[in-house]
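# Coordinates in review
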Amino acid sequence: MAELLTAEQIDQFRAHIAHIEHPRELIIDLLRAVQDKHGWVPDEGVELVAGLLGLTPLEVEEIATFYYKIYRRPVGRYPIHICDSICCWSRGGEALAEHLQKSLDIAPGETSADGLFTLLPTCCLGVCGRAPAMMIGRESYGPLNNEDVDRVLAELRQEAQA
Amino acid sequence: MPTLTIDNQQVTVPDGNTVFEAAEQLGIVVPHFCYHHALGAVGACRMCAVTVVEGSMPGMKMSCMTPAEEGMVVETGTAQAEGFREHVGEWLMTNHPHDCPVCDEGGECQLQEMTIASGHGLRNYRGNKRTYQNQDLGPYVAQEMNRCIQCYRCVRTYQDYCGGRDFGAMGSRQRVFFGRFRDGMLESDFSGNIVDVCPTGVLTDKTFRFKTRLWDLEQAPSICPHCSLGCATVPGGRYRELQRVVSGVNLQTNGHFICDRGRFGSGYVNHPARPRHARAGGSRVSVTDAVDSLLRRISETVSQHGPEAVAMVGSGRASLEANLLLRQWAAELNCPPPVFELHPRRARAIRQTVGTLSDHLASLRQVRKSDLVVVFGADPLAEAPMLALALRQVVRAGGRVVVLDPRPVELPCEFEHHPLTQEKILCLLAGNCEKELFNRLLQDLMAARRPVLVGGGDLLGGVGLQLLGHLTESCDNDDRYCLVHPLLPQANSFGAGLLEGPEQTDLLERLESGRVRALICLESDPCSEHPEAGRMQLAISRLDYLAVFDYLPTHATKRADLLLPTTTPVEGDGVFINNEGRMQAFARVLQPGVPLAVTGQGNHPPREFVPATPGCHPRPAWQLLQQVLGDERTLHGLRQAAAEHESRLEGLSDLQPGGEGLRVMPSSQAPVEESTVEIWSQDGDLRLLPVQVRYGSDHASCLSDKLTPRMTGPQLIVHPQEAEKRQLKAGETVLLKTAQGTFRFPLACDERVVRGRVIVPCLPGTPLEILVPGGLSLPCEIEGEAP
């Protein structure tokens, strides 16, 4: 298994944990750090975080599985969160999701053959003013039409090749 | 104290009560799921909707979240509230499978009851149902997640109330899953409670799976025999087999929950080695013949050697009634009164509790409500598990728990542990050492609003509890008492102690010298209870006559010249008095008999037409003793006479099984002051401390197969520095040398153990059984095995 956190990261977190009253509050930061490094959070990642924070793996898992954007299963390099809530729906979100499925040749929840994209329908992303919207990594995109989506996908494919 | 009207009935409730609780007080059950008396209300299930007609916020409200107000008018049966509840019932059922015919919860399913109560009968939902993969939660709890309605009661019980950290809620929305991080046995010592609280068949008792439907189960309110707390239980059985134990409700003692030792430790009732037949001189006889032979032999002994040659031993395992009759028999024979606790140091602890401490005793409820509990020489999870849960409630409510104990004490909550030797704790209580800690504790106790001191009878002994009594008195003030919660060895130790006459510590000497020729043991085993087990075994083997009344297979029953099998607490009626002096009655659940599963060996029971049930001979010890005494009173009459005779037992005859019980009257005698103060300073030595452990230390749980997965093997626990000093490593097998013999056991190291002590578990049925809890530490040495 690839390294989940660098020794330097672990030292930094340890130092931080020693200074705060409720280490629990760092669960998400640590899980995100593991995810940034590893792409997703394997069981070993949950156990690593639990060990650092003095919690049981279950206590970390309760948080990890609550959040949609902590991936407890392998995902593509660019997980796409496509909003399926009311504002985006009223502005063509459904058609946009269909277009994504067709152009990536995957169903919701699946990862494209090239391993780059995972399509994850999600509830409101909080950018209703830019509906219909999607989110890739930590960046949100919108308002989108099919051409915009194609352009974003092409850019990311290019980035992946570089 | 607001007065409100619910469904045209007026009710006055305490401040802070909710509309739901007010309705409950009127006997109106508003359908509900997430509300539980011990867990409180969270307003999550939306089932308990009612209509507030008049009040500060009229309209449809969740009754469990709405505080009762003065002058409020509430209706539970409006069309709006009923319609709402019906819809809630319907959507709770959308994902619930229709597998009631094969579900273990059938017949005691709150979901069934509440769905019907909500008025929802016909399903409209035709879509797919959500399905899960179940986890293996170990040998005690079976999981069937598809039935889950996400009420969160299991997590609120397991994590919030019981402090478990390996079972929780994962996921969100439709994906919510209640389980562990990985498959495996639930770690909490209170894990079985999630079975009781689950309102449907998600979490069921794996040891009881597919055995009996509720309506076929024989059940009755009982008292747990596994420690001195006297928790309310409801054992259930069928076909002469005790199949399960669930928690009873007694708000004064255990509340709504019990520990896993009490729940899964009942195998002793079905144990194949249990004495089932009366035996005289090595051959089976009828009970009547056995009683006749007993009477003849005892009267022979009395006429040949005088009444002094007969000794009797009662016990804290036997019921109050049986012990009373034993004492009566001794009085009639004019022989010395029975010894009710064979361990002299334990007997003194009981004597102090029954006497000096009796006006300061705290119930478990008072412990839960305390704001500062100081535990002196007790390991609650081992000696009285539900006390550990009570201590957690103290901490949850913002209170503090301090523990002074030599062992690596664990509790399901945060607490302050001061590792001190037994002798140091006694010395501290006497004000002779650790003065800084003592003064700090004293100050905190004085300032606390509801302080409670817990005293482990085994470590403190009579002197320690006496000193604890002085400490409580000095912490009393005009507004409140400082209460004390002593831990005793057995379920009825208090009751037996109440009957104890003048102190007798010379039984062993009287046996050895031949002054005692005949010994009568009532549900007690001198060979495993007396601190000098080896000497006791020898002394007993030289007796002319040993008569034993017992339901457990013990050294004494094996050796007995006369054996009268008695019934377990679930097979008879009786009264136990718990560690706070609460008299509690238990009722018969089952008739004694060899379980059908054994006689039928999994098939049809044998086709023999005999009038008697196999193994039906055991009878309640009090009935047998009545036969001995020619006493024909009913149990009620017996209790009535006892209450008239013993002023402290006032109210005994009014007890009802399943009730809250009744405290015995405080002792009116002058406090018992012990002449010798047994305080030693043994520092520098390595000494052995035999202690009770969580599973397998009491005579009932060590015979319960179900508890095997929780049992830890014999091991020696020392502070890592003691191991280092002797060049020993954790995990290696070491030699333990004691006056009782040399043992080989693996060594474990724990930094929480006090220096200079070797902690060793007391485990009846293993080579370690020669070490009995309740004594002072013993000289010992540990060394590596010779290469």
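The structure presented is a predicted model; accordingly, all values stated were derived computationally and were not measured. (Residues numbered from 1 in each chain as written. Chains lettered and ligands numbered in written order. Predicted model: local features only at pLDDT ≥ 70, side-chain atom pairs only at ≥ 80, totals over all residues. Heavy atoms only, no water.)

Residues and elements named next belong to chain B. Judged by nonpolar contacts, the single largest core of 49 residues is most densely connected at Leu-229, Met-386 and Leu-387. Listing elements by their share of this core, those giving two or more residues are strand 13 (241-247), helix 10 (364-368), strand 17 (372-376), helix 12 (385-396), strand 18 (400-404), strand 20 (451-456) and strand 21 (483-487). Counting residues per element, this core draws most heavily on helix 12, which supplies seven residues. Built from parts of two domains, this core gets at least three residues from each of domain 2 (126-270) and domain 3 (361-482). When near neighbours in sequence (up to four residues on either side) are disregarded, Met-386 contacts Phe-190, Leu-229, Cys-231, Asn-254, Phe-257, Ile-258, Cys-259 and Leu-364. (Core = buried A, V, L, I, M, F, W, Y, C linked by side-chain atoms within 4.5 Å. Buried < 20%, exposed > 50% of the residue type's maximum accessible area, 1.4 Å probe, protein only. Helix = DSSP H or I, 4+ residues; strand = E, 2+ residues; numbered from the N terminus. Domains from an automatic or database assignment. Contact = heavy atoms within 4.5 Å.)

We now examine the pairing of strand 2 (residues 117-122) of chain A. Put simply, side chains in a regular strand alternate between the two faces of the sheet. Residues and elements named next belong to chain A. By the criterion of burial, strand 2 is predominantly enclosed, with five of the six residues buried. Here six bridges tie strand 1 (residues 78-83) to strand 2, and the two strands are oriented parallel to one another. In the sheet register, Pro-79 faces strand 2, and the bridge partner there is Thr-118. (Pairing = 2+ DSSP bridges.)

The next subject is the interface of chain A and chain B. Listed as interface residues are 15 residues of chain A and, on the opposing side, 15 residues of chain B. With both sides pooled, the region where chain A packs onto chain B buries about 1200 Å², and carbon together with sulfur makes up 51% of that total. Inspection of the region where chain A meets chain B yields three salt bridges. Among the ionic pairs, Glu-47 of chain A bridges to Arg-182 of chain B, the shortest N-O distance being 2.5 Å. (Buried area = accessible area lost by both parts, 1.4 Å probe. Salt bridge = Lys/Arg side-chain N within 4 Å of Asp/Glu carboxyl O.)

Time to look at the sheet that holds strand 2 of chain A. All names here are of chain A. Across the sheet, which stays open at both edges, the four strands sit in the order 2-1-3-4 with mixed pairing between neighbours. In the strand order of this sheet, the two ends are held by strand 2 and strand 4 (139-141), each with one partner. Taking each pair of neighbouring strands and ignoring which way they run, the sheet shows an average axis angle of 25°. Sitting on the sheet, helix 6 (residues 93-104) is in contact with strand 1, strand 2 and strand 3 (134-136), with an inclination near 155° to strand 1. (Axes fitted to C-alpha atoms, helices over the stretch in contact; angles between N-to-C directions.)

Looking now at the domain arrangement of chain A. We note that the domain assignment places domain 1 (7-66) and domain 2 (78-161) within chain A. A separation of 29 Å is found between the C-alpha centroids of domain 1 of chain A and domain 2 of chain A.

A few words now on the pattern of salt bridges. Throughout the structure, instances matching the rule amount to 51 salt bridges over all chains. Of the charged contacts in the structure, one is a salt bridge between Glu-59 of chain A and Arg-165 of chain B, with a shortest N-O distance of 2.7 Å. Note that Glu-59 of chain A is positioned in helix 4 (residues 57-66) and Arg-165 of chain B in the loop between helix 4 (153-161) and strand 7 (168-170), a pairing that runs across two chains. You can call Arg-165 of chain B partly exposed: its relative accessible area is 37%.

Residues and elements named next belong to chain B. Strand order in the open sheet formed by five strands is 19-18-17-20-21, with parallel pairing between adjacent strands. Edge strands, defined here as strands with exactly one partner in the open sheet, are strand 19 (416-418) and strand 21. Along the sheet, successive strands turn relative to each other by an average axial angle of 15°, direction set aside. In this structure, strand 17 lies alongside strand 20, joined through five bridges in parallel fashion. Its bridge partner lying in strand 20, Val-374 is registered against Leu-453. Against the sheet, helix 15 (residues 457-475) makes contact with strand 17, strand 20 and strand 21, and its axis sits at roughly 155° relative to strand 20, the strand it touches most.

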